[in-house]
Amino acid sequence: MKTQPAFFYYKLVIPVFVLLLFSVNAIAQQPNFQTDDIAEKLKLNRWKNESPTLFIHFDKNIYTNNERVWFTGYLFKTFNHQVYKTLSIALVNDDTHAVLLNDKFVISNGIVLGATTVPDSVSAGNYSFIAYTNRLLNGKPNVLFTQRITIKSASQPTFTASLNPLDTSVTADQQKIMLLVSFLDLAKPPETVLVSYYVGNGTHPVLQGKATTEYGKYIFNIPSNLLSTGNNKLHVKLIYNKEIKDLNMALPVPAQPAIVKFYPEGGSLVNNIRSNIGWEATTVTGSALQVKAILFEDRKAIANIATSQYGINRFLLKPTTGHKYYVKLVGVNKKDTLYELPAAINKGPVITIANAIVNDTLTVMVRAGKAEKMYLIGHDYRQVFFASPVNIGTENRRVKLIMNDAPKGLLQLTIVDSLGRPFAERLIFAHYDKREKLNISTDRLTYNPRQKVTVKLKLDGTKQLDSALVSFACVQQNRLDITKKKDIESYFYLEDKLLNLPAKDNYLGNSIFDKQFLEDILLVKGWRRYTWLDMLNVLPTDTVKVEDVFFKGTVVTHSNKPVKKAVPLLSFGNTYRPINTNDNGDFELRYLDMVTGPDKMVSYVVKGALENEYIIQLADPYIALNKKVANDVEINDINFVEQHDTQKLRIPGSEHAIQIKEVQIKARADRQVYANACGDYICRYHIFNCPNHPYESDNVLPVVGRSYIRYGVNTVYLGCGATDNKLSLKGIYLPKKFYVENIPEKTTEEPIYLSTLFWRHLVKVKSGQDTELSFYTGDITGRFKIIVQGATSDDVTYGEKTFDVVKPN
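Computed from a predicted structure; not experimentally measured.

What to know about the overall build of the protein chain
Part 1 of the argument: When helices and strands are counted, the protein chain shows 5 helices and 52 strands.
Part 2 of the argument: Taking all 809 residues of the protein chain together, 51% fall into the buried category.
Part 3 of the argument: Within the protein chain, counting contacts between residues at least 6 apart in sequence, those at least 24 apart form 70% of the total.
Part 4 of the argument: Accessible area for the protein chain stands at about 37,400 Å²; split by element, carbon and sulfur atoms hold 50% of it.

In structure tokens:
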């Protein structure tokens, strides 16, 4: 089923041809109560757990204060994309989970075109953008996307600060850390600076307090007995003349045993049957461990094994009941213990897949301790793609699946008995090589500052008639942190469905190493949202409360008493819209009542009211919801970046992202439009926010205390959003266009430092045809990266390209 190019659906029924070879009894697929029942359960599970995929392409993941953030959002796999109308984005502090920015954007046909700004008051550190839509499932967002970012300082600081260990021995009774504060330009630095601190989690610290420095120094004495893994970080905040600095440092704790897990292929070890065993080694906090180990049978060493740099690998084992199998790590620390494998069971099917990454054909080897009839089911916990009966015996049987019409991506193979009970499971990735390759070429590999760059985009995939809508970013490469990178292809096919993945530059590469990594991932990682038993327990009577986020308000009298009749309101955002309350003054805003231009407020006024006659009470429900989501969301701390020194989170002076002034809308070339933060203006006829003259060159700003004509009545202006008869809120923003200024050589002596050279929300790219874009470099030299990602009618696509900017000889 083809829909808008920006998102797509899976077909409801996808046939898979099953060929049972060699000694397997080939049984024609036919409806039966077991497989029909499972298919119905999966359908119920799909409706009960409506779970679209939301991906947001941000231009980069390292920003500065007051810097513009560009992004495009893509919403996939929805039952009805028209009900998704609003995207909420919150900027959240990773340590304290405090919400520092609340913005909302229009979703149109599954696409979000947005831009926001990092608040100037945000201190340098680790943050996350958390995004979700207006749809709630049992009171929580039914889809969530998190993008971790780093914010660095671009301004010249008044002072710098650093944390320096004095005595941080694990055996010490107290951890001693010195805080040093240095003032740069003050002839006489202040004797004291206010310091607040806590140890551990920001919401439940194990220690917290306030202090003051003395002549630029303060020594923390942290009792070691308060520290434990996960609660061992010292967080420090300094404030001087409204300038804020945040520091943190991980304090040492006694070495903890590694976490080692084993994943027998199919789920169980079976007596006397050789099978693959995936294994994973991590720290207590979840960081991957590359280790060597010895595999033992009872007390006998039988194999040397090791994990990769990603903390995962596999080994072969033919277990025998009555014996114990365990692993001992080599050279990690003395506290590491023996890690025992699960005991082998006497019977049960074993599933073996030599290559879980497949194109059109999948070969599965099945075997059991005794002859029995089973069912091999392929599904994604949303629907059944195939279900075939298989007579499994004591010898290896090969099942060959021809999957020409199966969906691309992850599939779960489950072997069940006639009662639907699972005995073995295995993840595969189907149609791995079926992708829309995005070719990106530049007219040069190296450019000078302020030189024109021409880029050509072209799809070169398997569907010659296909096209894609993509978002395009060209940014300074050192503004991209690989540990915080997210690309649409890896996210759509892997990250959104599996448990936490190790940090890697390219999850879906074509090299031998890339494919081996993914093979190991498919062996050790499980489906993130569901289990087979959860699915079997779904009932038709299960109730699911799906609702939208609504704006509800009330109009009361100036003395805060209920009104006695309906009150007419007007909303002024993108257009004028009438709103009617009930007789009690209650009202509910429609979606269009909130839509406005980018970065604009929406105003609500009581129509025809006398001055100070009414008060409009209306709160933004997303503000409270953002706080709840921020507290509930689990922000992965594996790649926590310490901030020992405030200087390390500063952008060099030669790379400050100076924003080129955006285009002023003009009616005539010599005069510009004026409006305040609420979007208020006065036209030449003294009409407040005149709808007939919104872009006239002689519009002026309203002045507090003066009277203007509003809805035919002279009304005193009390300030931006300050009148009792009026209320202003941040609206749901329409798209904002990235303005590209022509920068011919030597147009100005003032440096032009741009970390984002170019951004374009939606670019149409066709198969076999070049799409050309052009822009200019600034004065920052070094490597820049082009990142292009988006969607075709039934797939996603991603591409990268780098070039260098160098000074001329």
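Having put the structure on the table, let's press on.
Considering the confidence of the model for the protein chain
Part 1 of the argument: Of the residues in the protein chain, 83% reach a pLDDT of 70 or more, and the chain-wide mean stands at 83.
Part 2 of the argument: Every residue in residues 1–33 scores below 50 in pLDDT, and together they form 88 contacts with partners more than four places removed in sequence or on other chains.
Part 3 of the argument: In the model, residues 657–673 has pLDDT below 50 throughout and makes 34 contacts with residues more than four positions away in sequence or in other chains.

Points about the environment of His761
Part 1 of the argument: Checked against the element boundaries, His761 lands in strand β49 (residues 756–766).
Part 2 of the argument: Taking the C-alpha atoms as reference, His761 lies 9.8 Å from Gly790; in sequence the two are 29 residues apart.
Part 3 of the argument: Sequence-distant contacts of His761, defined by excluding residues within four places in its chain, comprise Trp70, Phe71, Thr72, Tyr74, Leu113, Gly114, Val470, Ser471 and Lys736.
Part 4 of the argument: Here Trp759 takes part through its side chain, which lies 3.2 Å from a polar atom of the side chain of His761.

Describing unusual backbone geometry
Negative phi values dominate among residues other than glycine, just as trans dominates among peptide bonds.
Part 1 of the argument: Here the phi dihedral of Tyr215 falls at roughly 50 degrees; this positive angle occurs in a residue that is not glycine.
Part 2 of the argument: Within the secondary structure layout, Tyr215 lies in the loop between β15 (205–212) and β16 (217–223).
Part 3 of the argument: The exposed category is assigned to Tyr215, whose relative accessible area is 65%.
Part 4 of the argument: Unusually for a residue other than glycine, His431 sits at a positive phi of about 55 degrees.
Part 5 of the argument: By the secondary structure assignment, His431 is in the loop between β32 (422–430) and β33 (438–442).

Digging into the pattern of salt bridges
Part 1 of the argument: Counted by the stated rule, this structure contains 25 salt bridges.
Part 2 of the argument: Put simply, Asp103 and Lys730 hold a salt bridge, and the shortest N to O gap is 2.6 Å. Of this pair, Asp103 sits in strand β6 (residues 99–108) while Lys730 sits in strand β47 (residues 726–730), and the two are 627 residues apart along the sequence.
Part 3 of the argument: Across the pair Asp795 and Lys408 runs a salt bridge, and its minimum N-O distance is 3.2 Å.

What to know about the sheet that holds strand β34 (residues 446–447)
Part 1 of the argument: Reading across the sheet, the 5 strands line up as β34-β52-β51-β36-β49 and stay open at both edges, with mixed pairing between neighbours. Edge positions in the open sheet fall to β34 and β49, since each of these has one partner strand only.
Part 2 of the argument: For strand β36 (residues 467–476) and strand β51 (residues 782–791), the ladder comprises 8 bridges, and the chain directions are antiparallel. In the strand pairing of β51, Val475 is matched with Lys785.
Part 3 of the argument: Lying over the sheet, helix α2 (residues 488–495) contacts β51 and β52 (796–805), oriented at roughly 145 degrees with respect to β52.

Some details on the pairing of strand β43 (residues 601–606)
Part 1 of the argument: Burial of β43 is extensive: 5 of the 6 residues sit out of reach of the surface.
Part 2 of the argument: Summarising the sheet, strand β39 (residues 568–572) and β43 pair through 4 bridges and their orientation is antiparallel. The partner of Phe572 across the bridge, within β43, is Ser603.
Part 3 of the argument: Direction of pairing for β43 relative to β47: antiparallel, over a ladder of 5 bridges. Bridging from a neighbouring strand, Ser603 pairs with Ser728 of β47.

Notes on α2
Part 1 of the argument: Of all 8 residues making up α2, 8 are buried, and the element is well covered by its neighbours.
Part 2 of the argument: Among the residues of α2, those classed as buried are Ile488, Glu489, Ser490, Tyr491, Phe492, Tyr493, Leu494 and Glu495.
Part 3 of the argument: Its side-chain oxygen at 3.1 Å from the backbone nitrogen of Glu489, Asp487 defines the N-terminal cap of α2.

Things to note about the environment of Lys484
Part 1 of the argument: Within the secondary structure, Lys484 sits in the loop between β36 and α2.
Part 2 of the argument: For the pair Lys484 and Thr150, spaced 334 residues apart in sequence, the C-alpha to C-alpha distance is 8.9 Å.
Part 3 of the argument: For Lys484, the residues in contact, after removing those within four places along its chain, are Asn61, Asn126, Gln147, Arg148, Ile149 and Thr150.
Part 4 of the argument: At 3.1 Å, the side chain of Lys484 and the side chain of Asn126 are in polar contact.
Part 5 of the argument: Separated by 3.1 Å, the side chain of Lys484 and the backbone oxygen of Ile149 make a polar contact.

Here's the deal with the sheet that holds strand β50 (residues 771–776)
Part 1 of the argument: Pairing in this open sheet of 3 strands is antiparallel, and the strands run β33-β35-β50 from one edge to the other. A single partner strand is all that each edge strand has here, and the edge strands are β33 and β50. This sheet shows a mean twist of 20 degrees between the axes of neighbouring strands, independent of strand direction.

Here's the deal with helix α5 (residues 621–632)
Part 1 of the argument: Helix length check: α5, at 12 residues, gives a terminal C-alpha distance of 17 Å against a target of 16 Å (1.5 Å per residue), a fit within 8%.
Part 2 of the argument: Among all positions in α5, only Tyr622, Leu625, Asn626, Val629 and Ala630 are buried. The buried residues of α5 all sit within an arc of 135 degrees when viewed along its axis, so they share a single face.
Part 3 of the argument: Buried residues along α5 sit against β5 (86–93), β6, β8 (125–133), β9 (135–137), β10 (140–141) and β11 (144–152).
Part 4 of the argument: Sitting at the head of α5, Asp620 places a side-chain oxygen 2.9 Å from the backbone nitrogen of Tyr622.

Here we look at the packing of aromatic side chains
Part 1 of the argument: This structure, assessed with the given rule, holds 31 aromatic pairs.
Part 2 of the argument: Between Phe159 and Phe183 the ring centres are 5.3 Å apart and the planes differ by 35 degrees, which places this aromatic pair in the tilted class. Of this pair, Phe159 sits in strand β12 (residues 159–167) while Phe183 sits in strand β13 (residues 174–183), and the two are 24 residues apart along the sequence.
Part 3 of the argument: Looking at Phe159, the relative accessible area reads 0%, which means it is buried.
Part 4 of the argument: Consider the rings of Phe784 and Phe803, whose centres lie 6.0 Å apart with planes at 10 degrees: the pair is stacked. A residue pair is termed long-range when its members are at least 10 positions apart, and Phe784 in strand β51 and Phe803 in strand β52 qualify at 19 residues.
Part 5 of the argument: Among the aromatic residues, ring-to-ring pairing joins Phe58, Tyr63, Phe71, Phe105, Phe129 and Tyr733 into one connected group.
Part 6 of the argument: Sitting over the face of the ring of Phe145, Lys486 holds its NZ or CZ atom 4.8 Å from the ring centroid.
Part 7 of the argument: Over the aromatic face of Phe492 sits the side chain of Lys497, whose NZ or CZ is 4.8 Å from the ring centroid.

Some details on the pairing of strand β19 (residues 259–264)
Each regular strand carries side chains that alternate between the two faces of the sheet.
Part 1 of the argument: Of the two faces of β19, only one is covered, namely that formed by Val260, Phe262 and Pro264; the face formed by Ile259, Lys261 and Tyr263 stays uncovered.
Part 2 of the argument: The pairing of β19 with strand β20 (residues 275–282) spans 6 bridges and is classified as antiparallel. The residue bridging Lys261 from the neighbouring strand is Glu280, located in β20.

What about the environment of Lys648?
Part 1 of the argument: Along the chain, the position of Lys648 falls in the loop between α5 and β45 (707–710).
Part 2 of the argument: For the pair Lys648 and Ala124, spaced 524 residues apart in sequence, the C-alpha separation works out to 9.8 Å.

Side note on the state of the cysteines
Part 1 of the argument: For the structure on display, the rule yields 0 disulfides.
Part 2 of the argument: Cysteine Cys690 remains unbridged, with the sulfur of Cys683 as its closest cysteine sulfur at 3.9 Å.

Quick look at the side chain of Ser471
Part 1 of the argument: Looking at the secondary structure, you find Ser471 in strand β36.
Part 2 of the argument: Within the local environment of Ser471, its side chain forms a polar contact with the side chain of His57, the two groups lying 2.7 Å apart.
Part 3 of the argument: One polar contact links Ser471 to Tyr74, side chain to side chain, over a distance of 2.9 Å.
Part 4 of the argument: Residue contacts for Ser471: discarding those within four places in its chain leaves His57, Thr72, Tyr74, Trp759, Arg760, His761, Ile787, Val788 and Gln789.

Criteria and cut-off values
Residues numbered from 1 in each chain as written. Predicted model: local features only at pLDDT ≥ 70, side-chain atom pairs only at ≥ 80, totals over all residues. Heavy atoms only, no water. Helix = DSSP H or I, 4+ residues; strand = E, 2+ residues; numbered from the N terminus. Buried < 20%, exposed > 50% of the residue type's maximum accessible area, 1.4 Å probe, protein only. Contact = heavy atoms within 4.5 Å. Areas by Shrake-Rupley, 256 points an atom, 1.4 Å probe, with all protein chains shown as cover. pLDDT = per-residue confidence, 0-100. Polar contact = N/O pair within 3.5 Å; in protein donor to acceptor, adjacent residues only side chain to side chain. Salt bridge = Lys/Arg side-chain N within 4 Å of Asp/Glu carboxyl O. Pairing = 2+ DSSP bridges. Axes fitted to C-alpha atoms, helices over the stretch in contact; angles between N-to-C directions. Expected span 1.5 Å × (residues − 1). Arc of directions from axis to C-beta. Phe/Tyr/Trp six-rings, centres within 6.5 Å; stacked < 30°, edge-to-face > 60°. Lys NZ or Arg CZ within 6 Å of the ring centre and 35° of its normal. Disulfide = S-S within 2.5 Å.

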